Amino acid sequence: MKILKFGGSSVSTPQRIKSVIEIVKPRLVDQDVALVFSAFGGITDTIINLSGLALAGSPEYRTELAQLEKRHLDAVRELIDMQNQSKVLAQVKFMMNELEDVLHGVFLVKERTPRSLDYIMSFGERLSAYIISEAFKVEGVKAEFLDARNVVRTDNHFGNAKINFEVTNKLIQDHFKLHSALQIITGFVGTSESGETTTIGRSGSDYTGAIFAGALKASSLEIWTDVDGMMTADPRKVKKAFTVKEMTYEEAMELSHFGAKVIFPATMQPAMINKIPILIKNTFNPAFPGTTISNQANGRSLIIKGISSMSNISLLNVQGSGLIGVVGVSMRLFGTLAKEKINVILISQASSEHSICFAVESQFSLRAKSAIEKEFQYEIRSNEMNPVVVEDGRAIVAIVGENMKHNPGTSGKLFGALGKNGVNVYAIAQGSSELNISVVVQQSDVSKALNSLHEAFFLSDRKVLNVFLVGTGLIGKELLKMMEQQFAHLAEQNQLEVNVIGVANSKKMLFAEEGLNFLTAVNKMIEGGEQMEMGAFVDRMKVLNLSNSIFVDCTSSEEVTDAYDDILNANISIVTPNKKANSGPFGKYTQLKKTASKRGVRFLYETNVGAGLPVINTLNDLLLSGDKVIRIEAVLSGTMNFIYSSFVAGKKFSDVVKEAREKGYTEPDPRDDLNGMDVARKALILSREAGHSLELSDIQVENLVPEDCRKEVDIEKFFKLLKTHDNVFDDLRAKAEEKGEKLRYMAVLENGQAKVSLTSVNGSHPFYSLAGSDNIILLTTERYHDRPMVIRGPGAGSTVTAAGVFADIIRIGNYSN
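Residues numbered from 1 in each chain as written. Predicted model: local features only at pLDDT ≥ 70, side-chain atom pairs only at ≥ 80, totals over all residues. Heavy atoms only, no water.

Observations concerning the overall build of the protein chain
When you go through the protein chain residue by residue, the secondary structure sums to 28 helices and 30 strands. By the compact-globule yardstick of 28 Å for 817 residues, the protein chain is too spread out, its C-alpha radius of gyration being 37 Å. By principal-axis analysis of the C-alpha atoms, the protein chain measures approximately 115 × 75 × 50 Å. In the protein chain, 72% of the contacts between residues at least 6 apart in sequence involve partners at least 24 apart. Accessible area for the protein chain stands at about 35,500 Å²; split by element, carbon and sulfur atoms hold 49% of it. Charge separation in the protein chain, taken as the distance between the mean sites of 90 positive and 96 negative side-chain charges, equals 1 Å. (Helix = DSSP H or I, 4+ residues; strand = E, 2+ residues; numbered from the N terminus. Rg over C-alpha atoms; globule rule 2.2 N^0.38 Å. Contact = heavy atoms within 4.5 Å. Areas by Shrake-Rupley, 256 points an atom, 1.4 Å probe, with all protein chains shown as cover. Lys, Arg positive; Asp, Glu negative; His and termini not counted. Charge placed at Lys NZ, Arg CZ, Asp CG, Glu CD.)

So, in structure tokens, the structure goes:
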């Protein structure tokens, strides 16, 4: 014998009922089965609602009742052929008249007792099971309608009646001995010993299935619903959740207790006692194997089987020096809560006995506080105990799995994943069985916590990075293009998935939690984005609160860098080629590093110096390994190198600068390159990375813009003025060439001092052969003393800079592992 239970979503329409019949009919050929049905989808809530309208004296309940009747009559007309319709329609009409009479009584007396509400609610299952039994008959199946009230005996605790299993089991067994037809059973309902209709709790139809399975010693209980089984997490909150093939009764009960509503704990009790496997199946995907719950579940490869959560929780803290070593405090505390019928969901107590904290549903928190303070009023008055502290806005996140006991480090993995993503834990609970570890977190952190833990335990070989990009100019667009090109490769080879969640330029911003298309994101933002405001952009990142969030700044804006500390404090990593933050005040530079370290996030800016060249990482690696920097020499401006590499005999300096501008190597105003401040900022960053506490004003900078060219004049006027100085620059070039040297605009850091100037170098110097727009950095250290380390390559351009930014993003992904 197998018991199959179909939920409301499985029978919400006539078409779905036909699908259920198609699922069941092949089973009847060689299997003994019995079917349990819920009310049509949404009907129970509708019945409760219209009884509430009747209770409130609103005649509107009659309209709702008419709609309810129409839905059931329409189902009959669609499922039952014409020649058999009249009898079924008459019976449905009769039952609806019964319901109408009861509701009219509620309307008249303005009273709805738990007893009458149970009777009212029973009509949902009674109507659906009767109509479905008749639909099976039309399909040629020998079927019988079984009103579970005839065989399920309960106490009179209306709304959540307790089963008398001894009587119920015998009645069910006797009934099945006498009835060979397919039994179509009403879920959810029973009868008290005094003959009154009872209900056995919401989602009681699952429980009904388990009751029948236990009584008949069924080989299995199948719960047919609208999902593919027990998932590793709530798929509405964790997009990458997947079905767990097998789990134990205990694992399933733990998960259901903490919010996994696919199956309820009560359902498992009769099945567990009789060791009956429970299969969770999807009516809309019947071929999918679903989840099997039994006492012999395998799944040893999974450390945990699922992650669940409960929202709207309050944490109450009871503490005081007078509690230490006092016998009976816990009994008084939890006895008081029991008297108030307040369920305690989680308890955590320090070994010092100085405090006890526990979690309850938020709706009961004030009642709990009041009751406890009344019970301990004398201790509070004598300062032996503090007033009860209530922390609202909390949630519980739990990981569940029997294999935790065989895998040391599970709790470390949990706290590591939460810590890296800035999820604060307020309380912890774990039993000695090691079946469950529960933590209390901020309600706003639930989604991030679930995704972080799911990634850590189920997708540990794959990380999802959520990128927020500000700056969609040349570098930003090139970065998006690279992400598109490398997406599949990163996912397959590096187990990294990069999603762009938000983009912005100086005018517009656009967000999509599910991710934006790399190639269309910018145009979509321009066409339909909202007005950009940096504070609003940061606030949106905080509200989305996604795990592994990375803010990428591809601007040169100081306003954007002003938000860095706030972003890092929100546990969001930063990647940026923008030099403004690191070349600003030294205090700001150190503060950002401290914040990143404190929050466990990354602040990466490899592209601040040398675009995509590995300069900063190499320098940091040398210092971390114990090396000491003696001297740094560097050509750090691709623009200036192009100018001085191209400035040869026969060419005028002003013409070379103009050529560089026309090729896009210079800033729109070439004076921003010639004044040396860009190189000075890069030199400052290198000096700080080398351990020197310098400010920009400490850098000696040779400004190559002649005095009369520094005035506020347009570009055309600037070039005319610059032309008058060609002979000066020509003399400098000629003198260098006479010595067999070449001019290079370079930065030198030595003995804690930094200087940026135009210098000539001879043929033996590594900078002599430098050409084009390349950068070169010469690191002389204690280890690389006689033969300094040379880092050379393109130091400017959107492609190499974007590549460096992308490399930093990937580095964060690898760090998250």
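Examining the sheet that holds strand 25 (residues 629–635)
Spatial strand order, 26-28-27-25-29-30: six strands in an open sheet with mixed pairing. Each edge of the open sheet carries a strand with a single partner, namely strand 26 (700–701) and strand 30 (789–794). (Pairing = 2+ DSSP bridges.)

Some remarks on the packing of helix 1 (residues 14–24) against helix 3 (residues 60–79)
Contact geometry for helix 1 and helix 3: axes closest at 9 Å, N-to-C directions at 50 degrees. Comparing the axis directions of helix 1 and helix 3 gives the class oblique. Of the two possible hands of crossing, helix 1 and helix 3 adopt the one that is right-handed. Touching Pro14, Ile17 and Lys18 of helix 1 are Ala75, Glu78 and Leu79, all from helix 3. Here the residues of the contact of helix 1 with helix 3 are counted per class, giving four nonpolar, no polar and two charged. (Axes fitted to C-alpha atoms, helices over the stretch in contact; angles between N-to-C directions. Parallel < 35°, antiparallel > 145°, perpendicular 65-115°, else oblique. Left-handed = near helix turned anticlockwise from the far one by under 90°. Nonpolar A, V, L, I, M, F, W, Y, C, P; charged D, E, K, R; others polar.)

Comments concerning the pattern of salt bridges
Counted under the stated rule, the structure contains 41 salt bridges. Taking the shortest distance from any N to any O, the salt bridge between Asp147 and Arg149 comes out at 2.7 Å. Both residues of the pair, Asp147 and Arg149, count as buried. Two residues, Lys579 and Asp678, come together in a salt bridge whose shortest N-O distance is 3.2 Å. Here Lys579, found in the loop between strand 23 (573–575) and helix 20 (586–599), pairs with Asp678, found in helix 25 (residues 677–689); they are 99 residues apart in sequence, far enough to count as distant. The structure contains a network of salt bridges with shared partners spanning Lys70, Asp74 and Arg77. (Salt bridge = Lys/Arg side-chain N within 4 Å of Asp/Glu carboxyl O. Buried < 20%, exposed > 50% of the residue type's maximum accessible area, 1.4 Å probe, protein only.)

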